[in-house]
Amino acid sequence: MKIALMDSGIGLLAAAAEVRRMRPDAELVLSTDPEGMPWGPRTPEDLAGRALAVARAAAALRPDALIVACNTATVHALPALRTAFEPGLPVVGTVPAVKPAAAGGGPVAVWATPATTGSPYQRHLIDAFGAGADVTEVPCPGLADAVEHADDDAIDRAVAAAAARTPRDVRALVLGCTHYELVRDRIAAAVAPGAVLYGSATAVATQALRRAGGRPAPDAAPAGPPAVLASGREGELPQAALRYPEGRLLAVVGQPG
């Protein structure tokens, strides 16, 4: 089995690590766009074009499923990606976990990039799956970029600023950007004590395996490290990725010793 993931940068690490834990034997393809990042400030048309190029590079390696491991790309490019590749290649988008977060009632906060916050897509998710809970959308300018570069000081500043805009009584916090899952412990420490954080990596990995025709087999013999594509060319995991446990997991699986 081969699973491809795409994002402008290292936000795909959380979902890739979940796939690796569920199916250590799955070959992974990580297709990124360092020449075009960040995608958030781009127009929807430009972003969709970049996403299609990154997806085509991954599709050339003939994966069994493609994960769009980016909330912003899912918002603006998922229909175009599905038109281009399905049904031959299943395409799995990343949806903020509003439904499970709101299931127990509010208050709920959704942290997301400025490009996603307030978008019709996110508003629809909240209206459709918010279950009547009190949901606050919290834009997090600079956080994804700080995570991308593993800039600890910038991460702390961006998390603190977003926490200051978050109601202190939140019961659940939705991580509406895949980058945020890499610093979920730091986010948890900054918001209301006892707030439960909801990411998307596990659900996305599970859906990708299902659509690829597989199921979890956590005891399978591990495959080698992932193939990495950087704006369509063969590359390697950036050093910033190795600052996170998810990146180190992907780098060492299948290596001797």
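Residues numbered from 1 in each chain as written. Predicted model: local features only at pLDDT ≥ 70, side-chain atom pairs only at ≥ 80, totals over all residues. Heavy atoms only, no water.

Trainee: Any details on the overall build of the protein chain? Residues and values, ideally.
Mentor: Of regular secondary structure, the protein chain possesses 10 helices and 10 strands. Here the C-alpha atoms of the protein chain give a radius of gyration of 17 Å, agreeing with the 18 Å that 2.2 N^0.38 yields for 257 residues. Viewed in the frame of its principal axes, the protein chain has a C-alpha envelope of about 45 × 40 × 35 Å. Within the protein chain, residue pairs in contact and separated by at least 24 positions form 78% of the contacts whose partners lie at least 6 positions apart. For the protein chain, the distance from the average position of its 23 positive side-chain charges to the average position of its 26 negative side-chain charges is 4 Å. (Helix = DSSP H or I, 4+ residues; strand = E, 2+ residues; numbered from the N terminus. Rg over C-alpha atoms; globule rule 2.2 N^0.38 Å. Contact = heavy atoms within 4.5 Å. Lys, Arg positive; Asp, Glu negative; His and termini not counted. Charge placed at Lys NZ, Arg CZ, Asp CG, Glu CD.)

Trainee: Could you give an account of the sheet that holds strand 5 (residues 108–112), with specific residues and numbers?
Mentor: Taken in spatial order, the 4 strands line up as 6-5-7-8 in an open sheet, and their pairing is parallel. Each having just a single partner strand, strand 6 (135–139) and strand 8 (196–198) make up the two edges of the open sheet. Taking the axes of each pair of neighbouring strands and ignoring which way they run, one obtains an average angle of 25° across the sheet. Both strand 5 and strand 6 contribute to a ladder of 5 bridges, which runs parallel. Opposite Val-108, over in strand 6, you have Val-135 as the bridge partner. Packed onto the sheet, helix 5 (residues 120–129) meets strand 5 and strand 6 and runs at close to 155° relative to strand 6. (Pairing = 2+ DSSP bridges. Axes fitted to C-alpha atoms, helices over the stretch in contact; angles between N-to-C directions.)

Trainee: Would you mind going over helix 9 (residues 201–211) in detail, with residue names and values included?
Mentor: For helix 9, the complete set of buried residues consists of Ala-201, Val-204, Ala-205, Ala-208 and Leu-209. Around the axis of helix 9, the buried residues are gathered within 130° of arc, so they sit on the same side. Exposed side of helix 9, more than 90 degrees from the buried face: Ala-203 and Arg-210 are the residues found there. In this structure, the buried residues of helix 9 make contact with strand 1 (2–6), helix 1 (13–22), strand 3 (65–68) and strand 4 (91–92). (Buried < 20%, exposed > 50% of the residue type's maximum accessible area, 1.4 Å probe, protein only. Arc of directions from axis to C-beta.)

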